[in-house]
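Now for the letters of each chain:
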Amino acid sequence: MNYVFFSTLSQMGFWITWLLVPILVETVPAISSFLKIFFHTIGHSKSEKSPTFWPFISIIIPVYNSEDTLYECIQSVCQSTYPIDKIQVIVVDNKSKDQSFKAFQSAQNSFPKINMQWMKTEQGKARALNSAIYNSSGTYIINIDSDGILEPNALRNLIKKFESDITISAMTGSILTQKSLIKRTKNVGLKWLQRLEYFEYAQAFMSGRSIESQNNHLYTMSGAFSGFRKDALMKTFMYDVSTVGEDIDITFQVRDKTNGKVVLCADAFFFVDPIESWNKLYMQRQRWQRGQIEVSKKYSGNRLGLKSFFSNFLVRRLIIDHTFMFLKTIWIFASIALLFLNYSPLLLLLSYVAIYLLYVFMSMMVFVNVNMMLKKFSDERKFYFSLFDCIFWIPIYNFILSWIRLIGVINTEYLSAKWTAKNYHEEFKTVGTIVKQDFIKIKGGRKK
Amino acid sequence: MSIFLLISGVIWLYALSVFKRANLPAFYFIVGSIGLFFILFFFSKPYFIWIMARAVTFAVSLVAHPLNLATVYLDYGLIAINNGFNMITMSIDYECSGVIETAAFWALLAFYPMYQAKEKAVLALLGLLWMYVTNVIRLILIVLIVHTFGVDYFFLAHSIIGRIVFYIFAVFFYYKVFTYGYLAKNKKKV
């Protein structure tokens, strides 16, 4: 039996190569993360104690053409379980061209008890946030996007965690998409995408960032919902207005300048709108990739050399997020070349199936973790559980995303000065026009 | 060259021209790299593979012979590893030649927008050398393990440890060229 097993493996020869890379880089860390979260969640079943005194907090909501969503966003703050007299809301408009102010006024009328103010700034989210931070008076500063809603206990949970550990300088909440909107989506393809997006967010925040957070290696706080100690924030250069990755940048700044922790508050939820189309996803992920590159550039130089592999988590992160992208891209096609060297197509196919199953296995582990972490949130847990089939789809979804990210990397290098990445409809259209023109030229040439 | 290859080549060149004119650098890079990889691969078959396999075998023989770890048959690309009692023969073929890995690296580098032509030429040479040396280290490691622990360890040495070592070296080189080189170079632009 032993002989049969090993001789079969030997026959597979080159095949095992394709499995080694994902096993080494992804499966081993995934198993380790699974165990860490598993035991951490079991060990921390009792929650932190509520503070005897709830501090004054400032909530900043940057607004840009948000008339459709702003009211609901403010409403979610007002319906929060955090003492309302301890909340200051600063809505900061950065050159909206719609009726956002009317939505603000309407919220003011509906919720007169809350301390709410409207500010105007130059265009750009980072500028808006910086101006509002200077005008805030809370001990803690919390940013939320105007197109999302807070879970009622999110603010309490966030502040509770801050108050229980003075070494925490900043925190990110967990972002999920609004399940009610996903349920309402009629288009089958879009619904598939939105379910996967929810699944992805749950995995990324509750598993991915949770692990990063345990080691104080959080790569980025969410731009949609994050909180800071005001004194920690004041030690930084504030939000960088020159990058699209201002959320990544502030994460690094806070950690570097305060020597404090930047962590995830897994039970503070903020619900954003699900993605509206594949085109939006295509643009969004390229923008995220660009942000990562821009911030990494800023922190590059001697700090990112290979000699810092063990001491600097950013190096390891870049290897996985950036370097592997190139390796994976070319090896997908390099494996096809094996067929021309009389390699068995069946074995090649088997290798892809095995890799796929490996990713399914990893996604299954995360699924278990997230279910454990959602214990106190029965509605979300129930919905997440209904996404069970995503375990089998997520490897395909991630595969598609990896191509979009690669496109983002190359586009950033070429177009960084004038970032005008087109959506894929426009790209197809441009290609179509050129091919059509060429065809007309050839046809015309022949006629002559 | 088969007609199939010729037609594919023409289509590839036309696609590149379209992406260039459409100002779509990402697609230019992706389609360019993949196409060039196949071109390099088909041109390397069988001669470049043969040369590289012999070159690798030769380098291994320089270590294996004096230390009496294995008998290397240069003409046949064979390495017979012994551990006193048993012997196993390892054939240096396309898998061990490092040609596929080198072609993959060259293809990506050629279309990577970051470097100038001169820099690319230097990096291409460095890449060839790096893959070659890494491959030699991998094979010497296999020889050492099998010689010391016996032929039962061949699978572990060849398919697991050898490959892990090779990929760690390859990843480091890719990081240096595609990630670090690019970030460090662009730092001043930010």
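Residues numbered from 1 in each chain as written. Chains lettered and ligands numbered in written order. Predicted model: local features only at pLDDT ≥ 70, side-chain atom pairs only at ≥ 80, totals over all residues. Heavy atoms only, no water.

Peer 1: Describe the overall build of chain B, with residues and values.
Peer 2: If you tally the helices and strands in chain B, you get seven helices and three strands. Secondary structure elements of chain B, listed N to C terminal, follow the sequence α-α-α-β-β-β-α-α-α-α. Its C-alpha atoms give chain B principal-axis dimensions of roughly 65 × 50 × 25 Å. Residue burial in chain B is summarised as follows: out of 190 residues, 52% are buried. (Helix = DSSP H or I, 4+ residues; strand = E, 2+ residues; numbered from the N terminus. Buried < 20%, exposed > 50% of the residue type's maximum accessible area, 1.4 Å probe, protein only.)

Peer 1: Give me the lowdown on the nonpolar core, citing residues and values where you can.
Peer 2: Counting 146 residues, the largest nonpolar core has Ile61(A), Ile74(A), Ile144(A), Phe225(A), Phe326(A), Phe37(B) and Tyr174(B) as its most contacted members. Broken down by element, the residue count for this core peaks at 14 residues, all from helix H12 (residues 313-337) of chain A. Each residue touching Phe225(A), except ones within four places of it in the same chain, is listed here: Ile142(A), Asn143(A), Ile144(A), Leu150(A), Ala154(A), Leu158(A), Thr172(A), Gly173(A), Ile175(A), Ala268(A), Phe269(A) and Phe270(A). Counting 22 residues, the second-largest nonpolar core is a separate cluster that includes Ala59(B), Val72(B), Ile92(B) and Ile142(B). (Core = buried A, V, L, I, M, F, W, Y, C linked by side-chain atoms within 4.5 Å. Contact = heavy atoms within 4.5 Å.)

Peer 1: Pulling in residues and values, what's your account of the packing of helix H13 (residues 345-373) of chain A against helix H14 (residues 378-386) of chain A?
Peer 2: Residues and elements named next belong to chain A. Running from amino to carboxyl end, H13 crosses H14 at an angle of 165°, the nearest separation of the two axes being 9 Å. Of the possible angle classes, the one that applies to H13 and H14 is roughly antiparallel. When the axes of H13 and H14 are compared, the crossing they make is left-handed. From H13, Val366, Phe367, Val370, Asn371 and Met372 reach across to H14, where they touch Arg381, Tyr384 and Phe385. (Axes fitted to C-alpha atoms, helices over the stretch in contact; angles between N-to-C directions. Parallel < 35°, antiparallel > 145°, perpendicular 65-115°, else oblique. Left-handed = near helix turned anticlockwise from the far one by under 90°.)

Peer 1: Describe a nonpolar patch on the surface, naming the residues involved and giving the relevant values.
Peer 2: Residues and elements named next belong to chain A. Where nonpolar side chains cluster on the molecular surface, the patch consists of Ile31, Leu35, Phe39, Ile42 and Phe361 and spans about 470 Å² of accessible area. No other element matches helix H2 (residues 15-43), which puts four residues into the nonpolar patch. Relative to the helices and strands, leucine 35 resides in helix H2. Take leucine 35: its relative accessible area is 40%, and that puts it in the partly exposed class. (Patch = residues over 30% accessible without salt bridge, like charges linked within 9 Å, V, L, I, M, F, W, Y side chains within 5 Å. Areas by Shrake-Rupley, 256 points an atom, 1.4 Å probe, with all protein chains shown as cover. Salt bridge = Lys/Arg side-chain N within 4 Å of Asp/Glu carboxyl O.)

Peer 1: Talk me through the sheet that holds strand S1 (residues 70-73) of chain B; I want residue IDs and the actual numbers.
Peer 2: Residue and element names in this part refer to chain B. In space, the three strands of this open sheet follow the order S1-S2-S3, with antiparallel pairing throughout. Pairing within the sheet leaves two strands with one partner each, and these edge strands are S1 and strand S3 (87-91). Across the sheet, the mean angle separating the axes of adjacent strands is 15° when strand polarity is ignored. In terms of strand pairing, strand S2 (residues 78-82) meets S3 through five bridges, oriented antiparallel. By the bridge assignment for S3, isoleucine 81 is matched with isoleucine 88. Those strands touched by helix H3 (residues 47-64) are S1 and S2, and its axis lies near 150° from that of S1. On top of the sheet, helix H6 (residues 117-149) reaches S1, S2 and S3; it is set at about 30° to S2, its chief contact. (Pairing = 2+ DSSP bridges.)

Peer 1: Would you mind going over the interface of chain A and chain B in detail, with residue names and values included?
Peer 2: In this assembly, 57 residues from chain A lie in contact with 50 residues from chain B. Taking both partners together, chain A and chain B bury about 5100 Å²; carbon and sulfur atoms supply 79% of that area. Where chain A meets chain B, there are one salt bridge. Among the ionic pairs, Asp438(A) bridges to Arg21(B), the shortest N-O distance being 2.7 Å. Looking at the side of chain A that touches chain B, the elements with two or more residues in it are helix H1 (2-12), H2, helix H11 (278-298), H12, helix H15 (390-415) and helix H16 (424-447) of chain A. Of the residues forming the side of chain A that touches chain B, the biggest block, 14 residues, is contributed by H12(A). (Buried area = accessible area lost by both parts, 1.4 Å probe.)

Peer 1: Give me the pairing of strand S6 (residues 168-177) of chain A: which residues, what numbers.
Peer 2: Residues and elements named next belong to chain A. Among the ten residues that make up S6, ten are buried, leaving the element largely enclosed by the rest of the structure. The pairing of S6 with strand S8 (residues 261-272) spans nine bridges and is classified as parallel. Across the sheet, the residue bridging to leucine 176 is phenylalanine 271, located in S8. By the bridge criterion, three bridges tie S6 to strand S7 (residues 225-229) in an arrangement that is antiparallel.

Peer 1: Which residues make up helix H10 (residues 246-258) of chain A, and what are the values?
Peer 2: All names here are of chain A. The end-to-end C-alpha separation of H10 is 18 Å, in line with the 18 Å expected for 13 residues at 1.5 Å each. In terms of residue burial, H10 counts as a mostly covered element, since ten of its 13 residues are buried. Taken together, the buried positions of H10 are Glu246, Ile248, Asp249, Ile250, Thr251, Phe252, Gln253, Val254, Arg255 and Thr258. Count one or two residues on from H10 and you reach asparagine 259, which has phi positive near 55°. (Expected span 1.5 Å × (residues − 1).)

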